[in-house]
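The primary structure of each chain is shown beneath.
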Amino acid sequence: MTLNVGVIGVGMIGQDHIRRLTHVLSGVRVAAVTDVDLDRARTVAADLPGASVHATGEDLIADPGVDAVVVTSWGPTHEGYVLAGIAAGKQVFCEKPLATTEDACSRIVDAEVATGRRLVSVGFMRRYDDQYRAMKAVVTGGEIGVALVMHAAHRNPSVPDFFTSDMIINDSTVHDIDVARWMFDDEIAAVTVLTPRVSSKAREGFNDPLLVLLEMESGVIVDVEASVNAGFGYDIRGEVVCEDGTVELSESAGAIVKGAGRFGGRVPADWRERFVRAFDVEFQTWIDAVAAGGTAGPSAWDGYAATVACETGLRALASGVREPVTMRERPDLYKES
Ligand code: NAD
Ligand code: ISE
């Protein structure tokens, strides 16, 4: 069986996902696309045999030729499309963030719960990265004792013009927030945001870098250094400190070269290069699950919890003090996720 997917928003990641759905993965084809920039949608569709172009995301979702929906438009537009996908009874893969406010995520959770089954998967692809998975296996395996602290860094070389200062937290650090919840099977209890010296390369009005401290309910503390103007490359770091040892992500792509008293390797250019395999595995897993009548991957609850932590982080940035995280009760539908 071939799963016919419709893609809403064919910008940077929309096109990258269309490439993998079309040329890398199996059991799937891109049957329809749309974008508020219709010319862009038509250009993308020109390389997709038989794909239709819809004037709106709602039209695409209603298309009987679309079995499942991929939402890759800007974060603030996700809610409407995810709700429309749920209302149509179609499986939805939504890029992170699920939505940009707690209320919007809550409406998605309520709508999905009302259907009685999981229809939403959120694109936290780091959960599919070999290195993060190896790290989690060590942490949960207990071979180096109980986890105490995690150090993380999320350094972007640059970001597009539409990127706002809040997005350092709710578009970039949201990944580290999801990793923290997943790594320790735990919820975040409080967030503090420290503002180091501002980089001379920071955009006007940006506190860049930020140091985001996540206190997990277990007492583990995760510190995330987040920056969006690192310039030199896309540098993702992680180390978990346990009672009897440490485990860290290895340097990512390619080979380490040694010569003339030096050694070094390649720094990935961006998230597409660093997480290419994670994205492939994430999507193939989702495609196979949807074809079998279900879904896979981080749930709407995971999207909700991450956005609540982001909103708390933004409050902490504004207040300069530790802010507790308050979440609604987890519905039964998500008790296993
Ligand atoms: P982008 O600006 O390159 O592309 C977004 C596209 O959506 C554009 O073509 C824009 O015209 C279109 N669009 C905007 N509003 C729309 C609407 N209402 N309906 C239909 N189309 C609309 O942005 P991007 O970098 O591709 O990011 C898109 C989403 O993917 C964001 O949520 C972002 O956080 C997420 N993302 C995730 C990762 C990851 O690592 N998982 C990486 C990059 C982006
Ligand atoms: C982007 O949207 C992503 O999700 C990338 O993974 C992240 O590193 C980047 O900071 C975001 O802007």
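Note that the structure is a prediction, hence the values are computed from the model and not measured. (Residues numbered from 1 in each chain as written. Chains lettered and ligands numbered in written order. Predicted model: local features only at pLDDT ≥ 70, side-chain atom pairs only at ≥ 80, totals over all residues. Heavy atoms only, no water.)

Draft legend 1. Broad picture of the overall build of the chain. Each helix and strand counted, the chain has ten helices and 15 strands in total. When burial is assessed residue by residue, the chain has 54% of its 337 residues classed as buried. Pairs at least 24 residues apart make up 72% of the contacts formed inside the chain by residues separated by at least 6 positions. Total accessible area on the chain is roughly 14600 Å²; 52% of this is exposed by carbon and sulfur atoms. In the chain, 31 side chains carry a positive charge and 49 a negative one; their mean positions are 4 Å apart. (Helix = DSSP H or I, 4+ residues; strand = E, 2+ residues; numbered from the N terminus. Buried < 20%, exposed > 50% of the residue type's maximum accessible area, 1.4 Å probe, protein only. Contact = heavy atoms within 4.5 Å. Areas by Shrake-Rupley, 256 points an atom, 1.4 Å probe, with all protein chains shown as cover. Lys, Arg positive; Asp, Glu negative; His and termini not counted. Charge placed at Lys NZ, Arg CZ, Asp CG, Glu CD.)

Draft legend 2. Fine view of the domain arrangement of the chain. For the chain, the assigned domains are domain 1 (3–125 + 277–299) and domain 2 (130–270). Each of domain 1 and domain 2 has a C-alpha centre, and the two are 27 Å apart. On the side of domain 2, eight residues touch domain 1, which itself brings eight residues to the contact. Both sides of the domain 1 and domain 2 interface together cover about 770 Å² of buried area, and 61% of this is carbon and sulfur. Contact with domain 2 buries surface across domain 1, with Trp 74, Lys 96 and Phe 124 losing the most and accounting together for 53% of the total. The tally of links between domain 1 and domain 2 comes to two salt bridges. The partner of Asp 171 in a salt bridge is Lys 96, with the nearest N and O atoms 3.3 Å apart. (Domains from an automatic or database assignment. Buried area = accessible area lost by both parts, 1.4 Å probe. Salt bridge = Lys/Arg side-chain N within 4 Å of Asp/Glu carboxyl O.)

Draft legend 3. Main features of the side chain of Ser 106. Within the secondary structure, Ser 106 sits in helix H5 (residues 102–115). The contact partners of Ser 106, leaving out residues within four places of it in the chain, are Tyr 304 and Arg 328.

Draft legend 4. Focus on the site of ligand 1. Taken together, the neighbourhood of ligand 1 is formed by 26 residues, with Asp 35, Arg 40, Trp 74, Tyr 81 and Asp 171 sitting nearest. Between ligand 1 and the protein, one listed contact pairs an oxygen atom with a side-chain N or O atom of Asp 35 at 2.5 Å. One of the side-chain N or O atoms of His 78 is found 3.3 Å from an oxygen atom in ligand 1. Across the complex, the protein chains shield 90% of the 830 Å² of accessible surface that ligand 1 would expose by itself. When residues of the shell around ligand 1 are traced back to their parent elements, those giving at least two are helix H1 (12–24), helix H4 (78–87) and helix H7 (167–183). Partitioned by chemical class, the residues of the shell around ligand 1 number twelve nonpolar, nine polar and five charged. (Near = heavy atom within 4 Å. Polar contact = N/O pair within 3.5 Å; in protein donor to acceptor, adjacent residues only side chain to side chain. Nonpolar A, V, L, I, M, F, W, Y, C, P; charged D, E, K, R; others polar.)

Draft legend 5. View of the pattern of salt bridges. By the definition in use, this model includes 24 salt bridges. Where Arg 20 meets Asp 280, a salt bridge forms, and the shortest distance between an N and an O atom there is 2.7 Å. Pair noted here: Arg 20 is in helix H1 and Asp 280 is in helix H9 (residues 276–291), with a separation of 260 residues, a long-range link. Of the two residues, Arg 20 and Asp 280, both sit in the buried class. One salt-bridge network, in which partners are shared between bridges, spans Arg 127, Asp 178, Arg 181, Glu 187, Asp 302 and Arg 330.

Draft legend 6. Seen up close, the nonpolar core. Ranked by size, the top nonpolar core spans 81 residues in total, and within it Leu 98, Val 120, Phe 184, Leu 214, Val 222 and Val 240 carry the most contacts. Ranked by residues supplied to this core, first place goes to helix H10 (residues 300–319) with ten residues. When residues of this core are assigned to domains, at least three map to each of domain 1 (3–125 + 277–299) and domain 2 (130–270). Here Val 240 is in contact with Met 135, Val 139, Ala 147, Val 149, Met 150, Phe 184, Gly 245, Thr 246 and Val 247, once residues within four sequence places are set aside. (Core = buried A, V, L, I, M, F, W, Y, C linked by side-chain atoms within 4.5 Å.)

Draft legend 7. Highlighting the pairing of strand E11 (residues 235–242). Relative to E11, strand E7 (residues 147–155) runs antiparallel, the two being bridged by eight bridges. Following the sheet pairing, Arg 155 is matched in E11 by Asp 235. Across four bridges, the pairing between E11 and strand E12 (residues 245–248) is antiparallel. Residue pairing in the sheet places Cys 242 in a bridge with Gly 245 of E12. Joining the antiparallel neighbours E11 and E12 is a turn of two residues. (Pairing = 2+ DSSP bridges.)

Draft legend 8. Examining the packing of H7 against H10 more closely. The geometry of H7 relative to H10 is characterised by a closest axis approach of 9 Å and an angle of 120 degrees between their N-to-C directions. With respect to each other, H7 and H10 are oriented oblique. Two packed elements cross with a definite hand, and for H7 against H10 that hand is right-handed. On H10, the residues that touch Ile 169, Asn 170, Val 174, Ile 177, Asp 178 and Arg 181 of H7 are Trp 301, Asp 302, Ala 305, Ala 306, Ala 309, Cys 310, Gly 313, Leu 314 and Leu 317. In terms of residue class, the contact of H7 with H10 is made up of ten nonpolar, two polar and three charged. (Axes fitted to C-alpha atoms, helices over the stretch in contact; angles between N-to-C directions. Parallel < 35°, antiparallel > 145°, perpendicular 65-115°, else oblique. Left-handed = near helix turned anticlockwise from the far one by under 90°.)

Draft legend 9. Looking closely at the packing of H1 against H9. It is at 11 Å that the axes of H1 and H9 come closest, and there the two elements cross at 65 degrees. With respect to their mutual orientation, H1 and H9 come out roughly perpendicular. In the crossing of H1 with H9, the sense of the turn from one axis to the other is right-handed. Across the interface between the two elements, Ile 13, His 17, Arg 19, Arg 20, Leu 21 and Val 24 from H1 touch Val 276, Phe 279, Asp 280, Phe 283 and Ile 287 from H9.

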